[in-house]
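The lines below spell out each chain.
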Amino acid sequence: MMTTETACGAEKQYQDLLKQGKFQIQQCQDCNKHIFYPRMICPHCGSDHLSWIEPTGLGTVYSTTVVRRKAEDGGNYNVALIDLDEGVRLMSRVEKVSAEDVHIGQQVQAHVQQDGEQAILVFSPVGE
């Protein structure tokens, strides 16, 4: 993963927004499709007319796995692919439940979290 210091273009804009506590994705102004991971050109139609929008942050766990670690190394955590309601898929993790309790089809909500000097996007279960 690029750090804010090495990121440029759309990646840097995304990182800067996260640092401000804002989660935004791009939307093409020509074909109206949502885009994630940040890009300079729409992967759907080739347009460079992209804008940043605030998604609902709601999504569904598409897949998940548990990364097992010793307790002294921080314990287990999950890595999940999340399908946002806007139609894009991203990789993150689901928090506020044990790694083993994250399941496919689970409804989740995005939030920005500070992780040291970086801001990251994580999810938590909806209604739990």
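The shown structure was predicted, so the numbers you read here are calculated from the model rather than taken from an experiment.

Moving on, we get to the overall build of the protein. Looking only at helices and strands, the protein has one helix and eight strands in total. From first element to last, N terminus to C terminus, the protein shows the α and β order α-β-β-β-β-β-β-β-β. Expected size for 128 residues packed as a compact globule is a radius of gyration near 14 Å; at 15 Å, the protein falls within 12% of this value. The principal-axis extents of the C-alpha atoms in the protein amount to approximately 45 × 35 × 20 Å. Buried positions account for 36% of the 128 residues belonging to the protein. For the protein, restricting intrachain contacts to residue pairs at least 6 apart in sequence, the fraction spanning at least 24 positions comes to 46%. In the structure as shown, the protein presents an accessible area of about 7,400 Å², 49% of it carried by carbon and sulfur atoms. With 11 positive and 17 negative side-chain charges, the protein shows a separation of 2 Å between the mean positions of the two kinds.

In this section: the environment of Gln107. Here Gln107 is to be found in strand S7 (residues 107-115). C-alpha of Gln107 to C-alpha of Gly59: the two residues are 48 residues apart in sequence and 5.8 Å apart in space. Ignoring any residue separated from it by four or fewer positions in sequence, one finds Gln107 in contact with Gly59, Thr60, Ser124, Pro125 and Val126. For Gln107, the side chain forms a polar contact with the side chain of Thr60, separated by 3.0 Å.

Further remarks concern the sheet that holds strand S6 (residues 89-92). Reading across from one edge, S6-S5-S4-S7-S8 is the order of the five strands in this open sheet, with antiparallel pairing throughout. The open sheet has two edge strands with one neighbour each: S6 and strand S8 (118-125). Direction aside, the axes of adjacent strands within the sheet are offset by 35° on average. Together, S7 and S8 form the strand contacts of helix H1 (residues 9-19), whose direction differs from that of S8 by roughly 70°.

It is worth spelling out the sheet that holds strand S3 (residues 50-53) at this point. Hydrogen bonds between backbone groups are what pair the strands of a sheet, and the pairing can be parallel or antiparallel. With antiparallel pairing, three strands are arranged side by side in an open sheet as S2-S1-S3. Each of the sheet's edge strands pairs with one partner strand only, and the pair in question is strand S2 (34-35) and S3. Pairing of strand S1 (residues 25-28) with S3, which is carried by four bridges, proceeds in the antiparallel orientation. Across the sheet, the residue bridging to Cys28 is Leu50, located in S3.

Further remarks concern H1. Three or more residues of H1 are buried, namely Ala10, Glu11, Tyr14, Gln15, Leu17 and Leu18. Seen from one end, H1 has its buried residues packed into an arc of 160°, which puts them on one side. Among the structural elements, S1, S3, S7 and S8 are those in contact with the buried residues of H1. Just downstream of H1, Gly21 is the residue with a positive phi angle, here 85°.

So, how was this worked out
Residues numbered from 1 in each chain as written. Predicted model: local features only at pLDDT ≥ 70, side-chain atom pairs only at ≥ 80, totals over all residues. Heavy atoms only, no water. Helix = DSSP H or I, 4+ residues; strand = E, 2+ residues; numbered from the N terminus. Rg over C-alpha atoms; globule rule 2.2 N^0.38 Å. Buried < 20%, exposed > 50% of the residue type's maximum accessible area, 1.4 Å probe, protein only. Contact = heavy atoms within 4.5 Å. Areas by Shrake-Rupley, 256 points an atom, 1.4 Å probe, with all protein chains shown as cover. Lys, Arg positive; Asp, Glu negative; His and termini not counted. Charge placed at Lys NZ, Arg CZ, Asp CG, Glu CD. Polar contact = N/O pair within 3.5 Å; in protein donor to acceptor, adjacent residues only side chain to side chain. Pairing = 2+ DSSP bridges. Axes fitted to C-alpha atoms, helices over the stretch in contact; angles between N-to-C directions. Arc of directions from axis to C-beta.

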